[in-house]
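Structural description and commentary
The primary structure of each chain is shown beneath.
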Amino acid sequence: MESNNPDADVGDKCNLNGDCSPAVIKQPFDLNNAKNIDDIFEPSELKFDEEPDYEDPDIKEKKKEIEKCLENPDFVNLEQWQSFAKGKGGLISDDYRRKIWPLLVGVTQAEMTEPPSLDELSTHIEYNQVVLDVNRSLKRFPPGIPYEQRVALQDQLTVLILRVIMKYPHLKYYQGYHDVAITLLLVCGDRASFPLLCRLSYGPSAPLAPFMQTTMQPTQHLLNYMLPVLYRADRAVAECLYKAQVGTMFALPWYLTWFGHSLNKYTDVVRLYDYFLCAPPLFPVYVTAAIVLHRAHDVLDCECDMAMLHCLLSRLPDDLPFEDILVTAKILYEENDPFDLEAEVEALEMREEEQRRLDEERLKRRQAATRARAAGGLASRLARYMPAALRRLPLSRRAVLATATVLLGVYVYYRPDLLFNRRRENGLEL
């Protein structure tokens, strides 16, 4: 999945597989303000104390199959690992994930090299911003770990992110990238998480590549696929969102971080990662649609107001049944191929652009009317103080005199010293 040319530039055009066309000119690193998901809401503390149900007979049987395959992983094809990851319960535990996640994206043992020290990377232009984001992500660390271990984990996370953006300097670091990186690091460790994160960030089907462009346009475009999927599945819900003009911003943190920023249960996060690592790049968007459909009753009961609906949808409940949601998302994907939705997405974006244009024109007319009323009020007030002789002059001459009077008043207001000196020269000063 990785290109042999790590220095190739990447532009702002991404297709449905996450492939981004080359940019003509390299641009220096900078943080795009529109990519700041931390302004939407802060992450809640991640709960690590819940284990999957090992008493489920299906999960017990699956566990035996996984262990048997891990005895000779070289003789197991990719489809089998993908079947484990997508099936009920996913990969069950981090012990299995640590070995299987790299296999799902084609990471080899030779790529799992020792990371450099943090001191070696501390001169990078993005160092301070990455450290700041890592410090903000402490709520996503396992609670109760010793101080020394927490500091070591923070350093490992900083090194992991800097290694990737140094390897691919054309990619733009975005706030939220650290939420993906910490999940990989917690599961796979620092040696395996680096090539794994590289696979997700750069390549023909890299799912994070659209998020790492100069602008948010590729990300917003892909997230817009959620709306026609909703419209086809539940027209009442889709029309409610459209009427309230709630858009897709409520789902932006979900998509940018693969829900790593928004969910409270660690087991839910890694379960989704099991599936996303071997699913089409756009599949997380279908999961967002499935979540909205799961909450259709709440949406329809909510007041049809943008702020109210955004607040409702952006807060994910703790009890979402993700096994059912993933099944729904799979059905939605099979019934609504992304390529079949392109025309609907294009029409949607054209309507949004037209609405923006109309809103801008309406705002300009409102501002012009406000200025006209203010000018009319000023003229009316001046007319009240205008001598009757002046009011009898033709309109054009009155306008000239009125303007001259206003200018003289303004001039005297800002330069009273001139009038004061003239009065004193004429012997008028008392």
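For the structure itself, look to the data block above.
Right, let's walk through the structure included here. If you're wondering where the values come from, they're calculated on a predicted model, not measured in any experiment. (Residues numbered from 1 in each chain as written. Predicted model: local features only at pLDDT ≥ 70, side-chain atom pairs only at ≥ 80, totals over all residues. Heavy atoms only, no water.)

**Considerations on the environment of A307**
Along the polypeptide, A307 turns up in helix α15 (residues 306-314). Between the alpha carbons of A307 and A244 there is a distance of 8.6 Å; along the sequence they are 63 residues apart. (Helix = DSSP H or I, 4+ residues; strand = E, 2+ residues; numbered from the N terminus.)

**Notes on unusual backbone geometry**
A positive phi angle is found at I92, which is not glycine, with a value near 70 degrees. Locating I92 in the fold gives a position in the loop between α2 (78-86) and α3 (94-104).

**Quick notes on helix α12 (residues 266-276)**
Burial within α12 is extensive, with 10 of its 11 residues counted as buried. Elements that come into contact with the buried residues of α12 comprise α2, α3, α7 (177-201), α11 (252-257), α13 (283-294) and α16 (322-335). (Buried < 20%, exposed > 50% of the residue type's maximum accessible area, 1.4 Å probe, protein only. Contact = heavy atoms within 4.5 Å.)

**Quick notes on the environment of L153**
Structurally, L153 is set in helix α6 (residues 147-167). Sequence spacing of L153 and L138 is 15 residues, and the spatial spacing of their C-alpha atoms is 9.9 Å. With residues up to four places along the chain from it excluded, the contact list for L153 reads F141, P142, I145, I182, L185 and L186.

**Side note on the side chain of N336**
Tracing the backbone shows N336 in the loop between α16 and α17 (338-385). Taking relative accessible area as the criterion, N336 reaches 5% and is therefore assigned buried. Once residues lying within four places of it in the same chain are set aside, the contact partners of N336 are V229, R232, Y286 and L341.

**Brief notes about the pattern of salt bridges**
Following the criterion strictly, the structure yields 12 salt bridges and no others. Residue E323 is joined to R271 by a salt bridge in which the shortest nitrogen-to-oxygen separation is 2.6 Å. In this pair, E323 is assigned in helix α16 and R271 in helix α12, connecting sequence segments 52 residues apart. A relative accessible area of 5% places R271 in the buried class. Salt-bridge contacts for K330 lead to E334; the nearest nitrogen and oxygen are separated by 2.6 Å. Here the residue K330 and the residue E334 both occupy positions in helix α16, the gap between them amounting to 4 residues, near one helical turn. Among the charged side chains, a salt-bridge network with shared partners connects D56, D58 and K88. (Salt bridge = Lys/Arg side-chain N within 4 Å of Asp/Glu carboxyl O.)

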